[in-house]
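Descriptive analysis of the structure
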Amino acid sequence: MTNNKTAEKAPKKPSYAELTQVQRKAHHAFGNRANFRGLDIGYRWHQGQPTDEVCLRVHVDRKLPCDALMPPQIFPTEVDGIRLDVIAASYSPSLEPGTSRSAAARQPYTMGGLSCGRHGEGTGTIGLVVIDSTTGKPGILSNWHVLAGPRARRNDPITQPGGNDGGFDPRDRVARLKRWLLDRNGDAALAELLPDQPWLPLQFGTFETVTKTRSARLGEILTKTGRSGPLQRARVDGTGLYRLPYETRPGIYEYRDIEGFKLVAIEESSEIAAPISAAGDSGAAWISASSGEAVGLQFGEDVPPGPRVGAASSGAIACDLGTVFEKLEVRLADFRDLLEQNSPNPVLTPHQRDQANILTSADAPSPGWPHPAHWTDNSLQAMSISGRPDRAQGRSPAGDIVPLIRVSPNGRLPSPIRDHHRNIAPQFSLAQDIWLMRLYPALLDYDVNFRGVFLDEPIAQRISAVDSHGMHAFFARLINSTRHFDGIGLKQMQPIDFEGVVTYFQVCQRINALLEQL
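Residues numbered from 1 in each chain as written. Predicted model: local features only at pLDDT ≥ 70, side-chain atom pairs only at ≥ 80, totals over all residues. Heavy atoms only, no water.

1. Description of the confidence of the model for the protein
Of the residues in the protein, 71% have a pLDDT of 70 or more, and the chain-wide mean is 75. Within the protein, helix H1 (residues 2–9) has the poorest average pLDDT of any element, 44, and strand S10 (residues 138–142) the best, 96. Every residue in residues 97–103 is under pLDDT 50, and counting partners more than four places away or in other chains gives 20 contacts. (pLDDT = per-residue confidence, 0-100. Helix = DSSP H or I, 4+ residues; strand = E, 2+ residues; numbered from the N terminus. Contact = heavy atoms within 4.5 Å.)

2. Thoughts on the pattern of salt bridges
Considering all chains together, one arrives at 21 salt bridges under this definition. For Glu-259, the salt bridge goes to Arg-184, with nearest N and O atoms at 2.9 Å. Of this pair, Glu-259 sits in strand S17 (residues 252–265) while Arg-184 sits in the loop between strand S12 (173–183) and strand S13 (186–193), and the two are 75 residues apart along the sequence. A relative accessible area of 39% means that Arg-184 is categorised as partly exposed. Linking Arg-235 and Asp-237 is a salt bridge whose minimum nitrogen-to-oxygen distance equals 3.9 Å. Each of Asp-40, Arg-57, Arg-235 and Asp-237 takes part in one network of salt bridges that share partners. (Salt bridge = Lys/Arg side-chain N within 4 Å of Asp/Glu carboxyl O. Buried < 20%, exposed > 50% of the residue type's maximum accessible area, 1.4 Å probe, protein only.)

3. Regarding helix H9 (residues 504–516)
Since there are 3.6 residues in each turn of an α-helix, residues three or four apart along the chain are aligned in direction. When the terminal C-alpha atoms of H9 are compared, their 19 Å separation across 13 residues agrees well with the 18 Å that a helix rising 1.5 Å per residue should span. Turning to H9, its buried residues number three or more, namely Tyr-504, Phe-505, Val-507, Cys-508, Ile-511 and Leu-514. (Expected span 1.5 Å × (residues − 1).)

4. What about the packing of aromatic side chains?
Counted by the stated rule, this structure contains nine aromatic pairs. A ring pair is formed by Trp-435 and Tyr-440, whose centres lie 5.3 Å apart and whose planes are at 35°; its orientation type is tilted. What makes Trp-435 buried here is its relative accessible area of 6%. Between Trp-435 and Tyr-504, the aromatic rings sit 5.7 Å apart at their centres with planes inclined by 50°, giving tilted as the arrangement. On the criterion of sequence distance, the pair formed by Trp-435 in helix H7 (residues 415–446) and Tyr-504 in helix H9 is long-range, its members being 69 residues apart. By relative accessible area, which is 0% here, Tyr-504 ends up buried. These aromatic residues form a ring-pair network of at least three members: Trp-435, Tyr-440, Phe-474, Phe-475, Phe-498 and Tyr-504. (Phe/Tyr/Trp six-rings, centres within 6.5 Å; stacked < 30°, edge-to-face > 60°.)

5. Some words on the sheet that holds strand S9 (residues 128–132)
Taken in spatial order, the eight strands line up as S8-S7-S11-S12-S13-S10-S9-S21 in an open sheet, and their pairing is antiparallel. At either end of the open sheet lies a strand with only one pairing partner, and these are strand S8 (124–125) and strand S21 (330–332). Pairing analysis gives four bridges linking S9 to S10, with the strands arranged antiparallel. Within S10, the position partnered with Leu-128 by the bridge is Leu-141. (Pairing = 2+ DSSP bridges.)

6. Quick look at helix H4 (residues 321–328)
Taken together, the buried positions of H4 are occupied by Leu-321, Val-324, Phe-325 and Leu-328. Angularly, the buried residues of H4 cover 100° about the axis, an arc narrow enough to put them on a single face. Of the residues flanking the start of H4, the one acting as N-cap is Asp-320, its side-chain oxygen 3.3 Å from the backbone nitrogen of Gly-322. (Arc of directions from axis to C-beta. Polar contact = N/O pair within 3.5 Å; in protein donor to acceptor, adjacent residues only side chain to side chain.)

7. A word on the nonpolar core
Grouped together as the largest cluster of nonpolar side chains are 52 residues, with contacts concentrated most on Leu-128, Ile-140, Leu-141, Leu-147 and Phe-325. Trp-435, Phe-474, Phe-485 and Leu-514 belong to the second largest nonpolar core, which has 28 residues in total. (Core = buried A, V, L, I, M, F, W, Y, C linked by side-chain atoms within 4.5 Å.)

Here it is, written out as C-alpha cells:
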C-alpha cells in the first residue's frame, strides 16, 4: 500500500514534446516580466548542485523570498503538471577587453579560435572558417555584436586580432563584413576573407578539423577554444531561449530573445568549478568532445553579481550552429576548399602592403584606412558633446552614426581634427572624466536600465521621482555611496547641490564646479 502511494506521488516524467509545448505556454505567461531572463528545458538545481531531474526552468536576474513578493509575482511550482524551477541568472554578450594570450596576437593564418573584431567595436573570437554557399568564397563566422554591431555597414573591414588586442594596423585586415543575423534564430555574422588572406580549416589550440554540425544534446560535454584562454570544457545544462541586452542602434539598448542552449562548468574537484567564459569569448564555437562535431556559437555568458571588470563566468549560452548555417547560407570549410583556393599566398596582400605604405603621414590618412566609409572628418562638424549629430547644424552623410575622434596609426590626430578638438576640449574633458569615468558607471551599477543614456537627456526620463527634489536627492545619495567618486576629494553631496539641473551634463557641470571650489 505504501509503495502504491509513493508511486502515485512520484513526479511526472514528461516527454520532450510535452516539455516543448509547456515551454511555449510558460513564455507567453512569464516572458513579459521585467526580471525575466530566459526559459529553457534543463536539469533542476538543488542547493547549488544539479540533479538528474529534467524540468521547465525560468531564469530571472534575481531571486527573492516569497514573503518579499506580491502574490502575482510568485511563480507557480508547476505548469500543466510539469515542475517549474526558478534560476537566478542574467546574461550579457561577452565582448569586453580581456587578458591577452597567444591567440590574441597576430597569426599568419586565419582559423577558428583567434581574436577578431570590427574596428571601432569590441573584440571577440572567430568561431569557424566557413564557405559562403552563395559565392563559394571562404569567410569567418562569429557573432553579430563582434563583426557588425549597431554602426555596421556591408564591407566594413574586419581585423585579426581585434581592436582590444592591437588590431589597428592595416596589415591586420583579414576580411570584409558581408551579412548578419540578430533575431530569435541567433546572433551571428559572416565576413568574407580577403582574396590573398591565408587560412586553415582548423581550430587554434587543438588544430583539429570540424567536419559536421548538429544540435546540442542535454547533458553532453562540449569543448571550446576562445580568445580568453586555452581549451575549456562544459556541460549542456539546458536548451531554450535567453534574453540579452543589445545596443541595436547607436546609443539605444534593447532586449532580444535568442534560442540556444546553456552551458555550465564541469567541477574538476570539490572546489569551485573553473570558469568557462571570459571577456572576448563571444563568437567561439562549442564542439562535441566525443565526435568533434560543431554544436553552438557562443553569444553570451552568465553575468556574475557585483563589479564585472575582468570577471570570468562559470556559465555561457550559445545559439544553434545548424540554424545559423541555414540562415546565413554557409557551410563548413575543409581542406578540399583550401586546395581549390590555391592557398600558397603571401601573408601580406599587395593591397594591404600598399595601405601600410600610404599610411605613414598623420596628416594625410588614406581613404583605404580601415574605418568604415561613413566615418568622415566632415561629420565632426555636426556633432554635439553627446556624440550625436546636431540636427540644427545639419545631418551627417551617415545619419546618426558619427565617431567622436578619428586617429591615425601612430596615435596622432590629423590636423583638421586637431583644430576641431581644441575647440571642444573643455567640454570633452568634462564629459570624459566625470561622465564616462565616474557618473555613467555609477548609474550602471545602480540599474542596468541606464545603458545608452545620453548626456543631454532629461534626467526625469529614467529616474522615477515624485518631484524634482527627489531627483536631486537621488544624485546626492548615488555619488556619496558609489566607489567611482572615491579619492577625488569631493565633499559629502547634498540635494541642494543639484537644484536646477535637468540633464546629466548639467549634473557633471555641477560636480565639476564643486571640485573647482576645493
